[in-house]
Structures are given as structure tokens and as C-alpha cells.
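Architecture at a glance
These are the residues of each chain, in order.
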Amino acid sequence: MTITPADIRREVKEKNVTFLRLMFTDILGTLKNVEVPATEEQLDKILNNKMMFDGSSIEGFVRINESDMYLYPDLDTWIIFPWGDENGKVAGLICDVYNPDGTPFAGDPRGNLKRALTHMEATGFKSFNLGPEPEFFLFKLDEKGNPTLEVNDQGGYFDLAPTDTADNTRREIVNVLTDLGFEVEASHHEVAVGQHEIDFKYTNVLEACDNIQIFKLVVKTIAREHGLYATFMAKPKFGINGSGMHCNMSLFDQEGNNAFYDPKGELELSETAYQFLGGILEHAYNFTAITNPTVNSYKRLVPGYEAPVYVAWAGQNRSPLVRVPASRGLGTRLELRSVDPTANPYLALAVLLECGLDGIARKLEAPAPVENNIYMMSGDERQAVGITDLPSTLHNAVKALREDDVVKAALGEHIYTNFVATKKVEWASYAQFVSQWEIDNYLYLY
């Protein structure tokens, strides 16, 4: 449904909206906002794309001498948050970032995804759909309101209350998301204690990425109301599963048909699906810095905790990087299992789309599927069937990113340069830090 300026003005009055959040995302994936009072004057500025902000204060945007930026709201992202007080409600709009001359800002992750979608349309496809499966942990707060690493349940995969005592928190999150227009498909406890997953229905990739950002905001807000802290950190605790964000992807043609489905194809997958898959697998090592962008991400990508470590694909086997779920027809999709929720969704999906399109353009052939448990295969067995490893550290991942022209082009020069610079600083800081593990293992030995 298309939302008009008149719709927004009417809802501001009818629903007692007193503040408006103009939201956008920096290159690290952090949701930012400019909050303004919902006065007629401010509404006029917002709805006429006249809202200015200081871009030099945002990670990876611009220098101080070129700081003026504009926020252009996408009116179809209009939401009224369910929280507020006696002074009125708060509403929000997700925005694209523009330069003062009216051109899209090259460092805007959302705008960058739109650029990739324009390329997709030029190749003959109508839409790229995403169904994300974000996981998160809920931890207790201490007496000062700071997060701890203490969980409030001892639940396991699909456990039911009373073992899963975060059930009420998760249920309220689902209710809020539903009120905001999300189509939630599943909500359950994950494998690790304190870990949860909420899946929402696939939609076009731009809307899905917007949904991921609002989802994180809702989860953190409702968790706080229950005296808990929600984190999307990839691996907050040693010895248990980390949090992933499996991405279920599909392309649709101009007639609205799923371009990955062919009832006569092997596994009922089309040539397009296999070529897209070939592109994903060929670039997987090089795009991992984008889909797993933190030092901590690589503590999750290790054997033994269900996260993929090896570049391979399969039908039902859940140990490879890419899986093809059983659904066919409109539900035919490729599930990339390496992505974690610290990834900037706009950057990650722009890169994945362009890598898949590269596979289609070059007519890449996907390797044979691997239906054996890869975790149980020896190194020689993996090498014999062409299975390679994902990067083991952020340092290696960033080095690989710098060698892939398709991934770099998918990001654009501005985002690529700033992302790499930021991650080099992050790795240098981590490399210089003396951890407790080093103290425990070396202090008395040497």
C-alpha cells in the first residue's frame, strides 16, 4: 500500500504523534536517527525532502568540510511505534541520504542496495526477495542496568516454558512486530541457553532489510522493558552456539515467476538458480568480510557449533555454506547460512545480489552438492571434492575482500574504502589487546 503525505499528516493528528524519528543506517549497520517534533513546520520540511543533518558525525559518511546531508524519507516505511507516554506517540520513517545537489549519497548503504537493484532490473529480473532468520541472545541486567552475560533461562532448541522463561518477552516482541505490519512466521528458543530466533516472511529485499533494522530496535526496546538486554553479537559466550542470520534468497522474473524454480530441472532448480549459486560460492571467501564484519564474527565460524565453515552446498544437509530448503514453486530459494546479525543488511544483500548476478552473467556452473556431514570429513576428503574453508579471521577476510572486483563494485568506491579503513583499525586494536586467555596460558609457563 502506497502511503501519501496526506496519510501521514492525518495520522499525526489522529494518533497524537508528537515526535518523528528520521532513521538511516551507517556503513557499520547501526541504525541512526534525527528526532524532530511533529509540528506542521517540521512535517513540511520532512515531506519536501528539506531535512538536513551533519553527515561528518556518522561513521563512514563524509569529512567535516563537506558535512551537510539531506534525509529523503521513504513514505512507505511510515510506522507508529507502540511505545510513548502521556506526551504522545513517536512515529518513524526510514530515509535515504542525499547530497546537497540532490544526488544520492554514495556512502548510504540503503541507496547502495537500490543501485544494485537497478542493475538487477537491467538484467531482466523484477525482484530479489529475502527471508531472514535473525538470532539473538537475552541476558540479565545488573543492579545498575548494565548488561551481564547471565541468561534468564536454561531452554534449548524449541523448548517450551517454564524451561524457556523468556517466552513472555519473545511473545511481546512478536505482538509488537505484528502490530507494525510484520508477517512473523515463527518464534522459538534456539540451541544455546538464552538464545532466540524470530523469523518473518520473505519480501522484496529493500523492505526486508528495512524490517531487519526495525526488528533489532523492537527486540532491544522490549527486552529492556522486561529487565533484559538483547544482543545480536555473533558469539557473546565461549562454548555455545553463536547467533546467525540465515538469508533465504530468490529471484523473480518480469511475470512474477520464481526464476530459481524449474520443475524439470535437477532438484527442480533452474539453470538460473545454479548459476546464481555458482556466483555465491565463487565469491564466498571474498564477501565474508561483509556478511561477517566483526572480529567476534569469526569466533562463531568454527567447527562444532552448527555454523558453516566450508564453501559447499547441499539439498537437505545443513553443514555446508548454502542449503536448498525443500519448498518449491514460489518458495524455491537458496539459504546462505554464514551471515550473522552484526552484518549491515543493506551492504550484505547488495553484495550477495551482485555476486549471484555475476554467476548468471558468466554462466557459472555450481559444483556437485555435498550431502555428507562435512564436519566429519578429513582435510584430504574435503580437498578431493573441492571444498575450501571460509576465512578464519577478520584480518584474512578483509584481505580477501580487497582482491574481489565484483564485491568491491557492489559496495562502490566510497563504502568500500571507508569499510576497509574502519575494519583495519578494528583488527589492529584487537591484535594489540592482551586477552585473559593469553594470561592464563603464558604467564606462569614463561
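Keep in mind it's a predicted model, so treat the numbers as computed, not measured.

The next subject is empty space enclosed by the protein. The method is simple in principle: a probe with the dimensions of a water molecule rolls over the atoms, and the space it marks as empty is what remains. Inspection of the entire model under this criterion finds one cavity of 30 Å³ or more. Taken as a whole, the largest cavity holds about 30 Å³ of empty space. Lining the largest cavity are M23, F24, T25, L31, I94, C95, R110 and Y346. Mapped onto the lining of the largest cavity, the elements with two or more residues apiece are β1 (17–25) and β6 (88–98). If one sorts the elements of the lining of the largest cavity by residue count, β1 sits on top with three residues. In terms of residue class, the lining of the largest cavity is built from six nonpolar, one polar and one charged.

On to the confidence of the model for the protein. This prediction gives the protein a mean pLDDT of 90; 93% of its residues lie at or above 70. Per-element mean pLDDT across the protein ranges from 77 in strand β9 (residues 184–189) up to 98 in helix α8 (residues 345–361).

We now examine the layout of surface pockets. Of the volumes computed, that of the largest pocket is approximately 830 Å³. Lining of the largest pocket is provided by 26 residues; of these, I3, D76, W78, I79 and L180 occupy positions nearest its centre. Looking at the lining of the largest pocket, the elements with two or more residues in it are α1 (5–14), β5 (79–85) and α5 (205–225). In terms of residue count, the dominant contributor to the lining of the largest pocket is α5 (five residues). The residue inventory of the lining of the largest pocket, partitioned by class, reads twelve nonpolar, four polar and ten charged.

Once that is clear, we can look at helix α11 (residues 405–432). Between its first and last C-alpha atoms α11 spans 30 Å; for 28 residues at 1.5 Å apiece the expected length is 40 Å, and the helix comes up short by more than 12%. For α11, the principal kink sits at G412 and spans about 110 degrees. Taken residue by residue, α11 has V407, A410, L411, G412, I415, Y416, F419, V420, T422 and K423 as its buried positions. Taking the backbone nitrogen of V406 as reference, a side-chain oxygen 3.0 Å away marks D404 as the first, capping residue of α11.

Mapped onto the elements of the fold, E135 is located in strand β7 (residues 125–141). Despite its burial, E135 pairs with no opposite charge, the nearest such side chain being R300 at 5.6 Å. Of note is the side chain of E135, whose polar atom sits 2.8 Å from the backbone nitrogen of G244.

In this section: the UniProt feature "binding site: Mg(2+) 1" (unreviewed entry) in the protein. Under the local residue numbering, the UniProt record ascribes the feature "binding site: Mg(2+) 1" (unreviewed entry) to E133, E190, E197, H246 and E335. Relative to the assigned elements, E197 resides in strand β10 (residues 195–200). On the accessibility criterion, E197 (6% relative accessible area) is buried. The class for E335 is buried, based on a relative accessible area of 2%. If we skip the residues at most four places from it in the chain, E335 touches E133, H246, C247, N248, L321, V322, R323 and P325. Engagement of the side chain of E335 in a polar contact is seen with the side chain of H246, the distance being 2.9 Å.

Moving on, we come to unusual backbone geometry. Not every positive phi belongs to a glycine, and N49 is a case in point at roughly 55 degrees. Mapped onto the elements, N49 comes out in the loop between α2 (40–47) and β3 (51–54). On the basis of relative accessible area, N49 is assigned to the partly exposed category, the value being 27%. Unlike most non-glycine residues, E268 shows phi in positive territory, near 60 degrees. The topology assignment puts E268 in the loop between β13 (245–253) and α6 (271–291).

Our focus in this paragraph is the packing of α6 against helix α10 (residues 394–401). Two quantities define a packed helix pair, namely the angle between the helix axes and the distance between the axes. Relative orientation of the contacting elements α6 and α10 amounts to 120 degrees, with a least axis distance of 7 Å. Judged by the sense of rotation from one axis to the other, the crossing of α6 with α10 is left-handed. Here Y285, N286, T288, A289 and I290 of α6 come into contact with α10, specifically with N396, A397, V398, A400 and L401. A class-by-class count of the residues in the contact of α6 with α10 yields seven nonpolar, three polar and no charged.

Turning our attention to a nonpolar patch on the surface. A cluster of nonpolar side chains, contributed by V434, I439, L443 and Y444, occupies part of the molecular surface with about 460 Å² of accessible area. One can find V434 in the loop between α11 and α12 (436–442). Classification of V434 as exposed rests on a relative accessible area of 53%.

Moving on, we come to the UniProt feature "binding site: Mg(2+) 2" (unreviewed entry) in the protein. The sites that carry the UniProt feature "binding site: Mg(2+) 2" (unreviewed entry) are, in the present numbering, E135. Judged by relative accessible area, which is 8%, E135 ranks as buried.

Turning to the pattern of salt bridges, a few remarks are in order. The full count for this structure, using the stated rule, is 16 salt bridges. With its nearest N and O atoms 2.7 Å apart, the salt bridge here joins R9 to D44. Note that R9 is positioned in helix α1 and D44 in helix α2, a separation of 35 residues in sequence. Judged by its relative accessible area of 25%, R9 is partly exposed. In this structure, K423 and E426 form a salt bridge, with 2.7 Å as the shortest nitrogen-oxygen distance. Of this pair, K423 and E426 are both found in helix α11, three residues apart, which corresponds to roughly one turn of the helix. Taking relative accessible area as the criterion, K423 reaches 5% and is therefore assigned buried. Within this structure, D74, D96, R110, K114 and D210 form a network of salt bridges that share partners.

The rules behind each value
- Residues numbered from 1 in each chain as written.
- Predicted model: local features only at pLDDT ≥ 70, side-chain atom pairs only at ≥ 80, totals over all residues.
- Heavy atoms only, no water.
- 1 Å grid on protein atoms, 1.4 Å probe; cavity = no way out; pocket = protein on both sides within 12 Å on 5 of 7 lines; lining within 4 Å.
- Points joined across faces, edges and corners; volume = space filled by probe spheres on them.
- Helix = DSSP H or I, 4+ residues; strand = E, 2+ residues; numbered from the N terminus.
- Nonpolar A, V, L, I, M, F, W, Y, C, P; charged D, E, K, R; others polar.
- pLDDT = per-residue confidence, 0-100.
- Expected span 1.5 Å × (residues − 1).
- Bend = angle between axes of the 7 residues up to and from the residue.
- Buried < 20%, exposed > 50% of the residue type's maximum accessible area, 1.4 Å probe, protein only.
- Polar contact = N/O pair within 3.5 Å; in protein donor to acceptor, adjacent residues only side chain to side chain.
- Lys, Arg positive; Asp, Glu negative; His and termini not counted.
- Salt bridge = Lys/Arg side-chain N within 4 Å of Asp/Glu carboxyl O.
- UniProt positions renumbered as here; feature names shortened; annotations may be inferred.
- Contact = heavy atoms within 4.5 Å.
- Axes fitted to C-alpha atoms, helices over the stretch in contact; angles between N-to-C directions.
- Left-handed = near helix turned anticlockwise from the far one by under 90°.
- Patch = residues over 30% accessible without salt bridge, like charges linked within 9 Å, V, L, I, M, F, W, Y side chains within 5 Å.
- Areas by Shrake-Rupley, 256 points an atom, 1.4 Å probe, with all protein chains shown as cover.

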